[in-house]
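Observations on chain architecture
Read off the chains here:
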Amino acid sequence: MYIRDIIKTFENKYPKSLAYNWDNIGLIVGDEMSRVAKILVTLEATQAVIDEAVENKVDLIITHHPFIFKGLKKINKSTTKGNDIYKLIKNNISLYSAHTNFDIAYDGLNDEIAKRLDLKDVLVLDTTYEQKLYKIAVYVPASHQECIRKAMTDMGCGNIGNYSDCSFTFDGVGRFKPLNDSNPYIGTKNEIETVKEVKIESICEESNLSQAINNIINAHPYEEVAYDIYELKNTGKKYGLGRIGELQNSMKFKELSVIVKQSLNIENLRVTGNLEDYVNKIAIVSGSGAEFMTKAHSMGADVLITGDVKYHDAQNALELGIKIIDAGHFGSENIFVDIVEQYLQNKFENIEILKSKSNINPFVTI
Ligand SMILES: [Zn+2]
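The notes below deal with the structure included here. (Residues numbered from 1 in each chain as written. Predicted model: local features only at pLDDT ≥ 70, side-chain atom pairs only at ≥ 80, totals over all residues. Heavy atoms only, no water.)

With that settled, the discussion passes to helix H7 (residues 206-219). The first and last C-alpha atoms of H7 sit 20 Å apart over 14 residues, in line with the 20 Å expected at 1.5 Å per residue. Here the buried face of H7 lies against strand S6 (133-141), helix H6 (145-154), strand S8 (193-205) and strand S9 (227-231). (Helix = DSSP H or I, 4+ residues; strand = E, 2+ residues; numbered from the N terminus. Expected span 1.5 Å × (residues − 1). Contact = heavy atoms within 4.5 Å.)

See below:
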């Protein structure tokens, strides 16, 4: 197994294209053609985490926060970052970061928090991107329809709401004349051939389109594959930062705060607003999301769960009438480690996935 294989699978779920332009994600250090047997997952790649990786003979570190964010002018042992990079390369450890793409993608940080709070009717809080939808129609001899359908659905074609593998087929007759330079699967050169074919139609998101067409061409028996791509006016899936949803049952703000603490496995958090009030609609922006409080309030949220809330943010929230739970940047994001560990372990049974023990919250409450 190569690092490249891990990245490909990971980016199918958490596409790089969803990240903000200012972000720095992907393989930050290392070689995608290196072999991988052991992965260490962490929120942050601190010096302690890199030592942990060296000690455990890890091949790949996966972080949420970009390991290199601003430009570096020197890589030498006299700076902390230089020393870290030196150590990684010397020990043949690669490092990959998934940041805003992981926040925005489905089943990323914000969805996981919504899931842990058992929220219903969960929507994107701040849409950054809406998928364009396409219809693919492909003509295939009846004998090969199953494998072509599989090639399409393997690449995510046919997803409509809570249904997958959706397609439609028509029976028909295909006609073609192989020319002199052809190498026909069916038929004879310079003679018109008629074949019982089916036309398979399925819907496809823009991000899967080129790979879906590649899959179809690879699985199709014909030398020249006849297919059509139509751009649709249907509304595609929305992607964006944060989530908003409703509790299964309204509860006191105090009760919700305790549940957030337990579900994120954190010892303490800060809140603004009356603890005795009942709350129902909850917005979530993991990490640092106080700037989304107006948006959350305008969408009807009673509470915004986030981190890194400053004094003036707290004051503004009180004025606005939205309650805030500040679970801390670390507190609201360290579940990254659980999500990635579970996702990769399900996909790659033979790879050992470690959750970092040395990446800890830099803040201590006394
Ligand atoms: Zn963060």
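Another point: the coordination of the zinc ion. Around the zinc ion, the protein supplies His65 (NE2), His329 (NE2) and Glu333 (OE) as donor atoms, at distances of 2.0 to 2.1 Å. All donors of the zinc ion come from a single chain, and their spacing in sequence reads H-x263-H-x3-E. Taken as a pair, histidine 65 in the loop between strand S3 (60-63) and helix H3 (80-90) and histidine 329 in helix H11 (residues 329-333) lie far apart in primary sequence, 264 residues in all. For histidine 65, a relative accessible area of 12% corresponds to the buried category. (Donors = N, O, S within 2.8 Å, 3.2 Å for Na, K, Ca; no water. Buried < 20%, exposed > 50% of the residue type's maximum accessible area, 1.4 Å probe, protein only.)

With that settled, the discussion passes to the side chain of serine 202. Summarising the element assignment, serine 202 is placed in strand S8. Of the residues examined, serine 202 reaches a relative accessible area of 3% and is grouped as buried. Side-chain polar atoms of serine 202 contact the backbone nitrogen of glycine 158, separated by 3.2 Å. Within polar-contact distance, the side chain of serine 202 engages the backbone oxygen of cysteine 166 at 2.9 Å. Not counting residues up to four positions away in its chain, the partners in contact with serine 202 are Tyr134, Lys135, Ile136, Met152, Cys157, Gly158, Cys166 and Ser167. (Polar contact = N/O pair within 3.5 Å; in protein donor to acceptor, adjacent residues only side chain to side chain.)

The next point concerns the sheet that holds S8. Pairing between the strands of a sheet comes from backbone hydrogen bonds, and it takes one of two forms, parallel or antiparallel. Read across the sheet, four strands follow the order S7-S8-S6-S9 without closing on themselves; strand pairing throughout is antiparallel. If you trace the sheet from one side to the other, it starts and ends with strand S7 (168-176) and S9, each paired once. Adjacent strand axes in the sheet meet at a mean angle of 25 degrees when their direction is disregarded. Sheet topology note: the S7/S8 ladder contains nine bridges and is antiparallel. Paired with aspartate 171 across the bridge in S8 is valine 198. Contacts from H7 reach S6, S8 and S9, with the element oriented near 155 degrees to S8. (Pairing = 2+ DSSP bridges. Axes fitted to C-alpha atoms, helices over the stretch in contact; angles between N-to-C directions.)

With that out of the way, let us pick up the layout of surface pockets. Of the voids in this model, the largest pocket is the one considered here, and its volume is about 1,400 Å³. Around the largest pocket, the lining comprises 37 residues; the ones closest to its centre are Asn12, Asn159, Glu205, Asn208 and Tyr239. At the level of secondary structure, the elements contributing two or more residues to the lining of the largest pocket comprise helix H1 (3-13), H6, S8, H7, strand S10 (238-252) and helix H12 (336-347). Per element, the largest residue contribution to the lining of the largest pocket is five residues, and it comes from H1. For the lining of the largest pocket, the residue count by class is eleven nonpolar, 15 polar and eleven charged. Volume-wise, the second largest pocket comes out at about 940 Å³. Lining the second largest pocket are 31 residues, with Ile266, Ala327, Phe330, Gly331 and Asn361 positioned closest to its centre. Going through the elements one at a time, H11 and H12 are the ones with two or more residues in the lining of the second largest pocket. The leading source of residues in the lining of the second largest pocket is H11, at three residues. Split into classes, the residues belonging to the lining of the second largest pocket amount to 13 nonpolar, ten polar and eight charged. When residues of the lining of the second largest pocket are assigned to domains, at least three map to each of domain 1 (3-101 + 335-355) and domain 2 (106-128 + 239-330). (1 Å grid on protein atoms, 1.4 Å probe; cavity = no way out; pocket = protein on both sides within 12 Å on 5 of 7 lines; lining within 4 Å. Points joined across faces, edges and corners; volume = space filled by probe spheres on them. Nonpolar A, V, L, I, M, F, W, Y, C, P; charged D, E, K, R; others polar. Domains from an automatic or database assignment.)

The next point concerns a nonpolar patch on the surface. There is a patch of nonpolar side chains on the surface, built from Ile217, Tyr227 and Ile229 and spanning about 240 Å² of accessible area. Counting through the fold element by element, isoleucine 217 comes out in helix H7. Look at isoleucine 217 and you get partly exposed, because its relative accessible area is 38%. (Patch = residues over 30% accessible without salt bridge, like charges linked within 9 Å, V, L, I, M, F, W, Y side chains within 5 Å. Areas by Shrake-Rupley, 256 points an atom, 1.4 Å probe, with all protein chains shown as cover. Salt bridge = Lys/Arg side-chain N within 4 Å of Asp/Glu carboxyl O.)

All right, on to the environment of valine 258 then. Inspection of the secondary structure puts valine 258 in helix H8 (residues 253-263). Separated by 52 residues in the primary sequence, valine 258 and glutamate 206 have C-alpha atoms spaced 41 Å apart.

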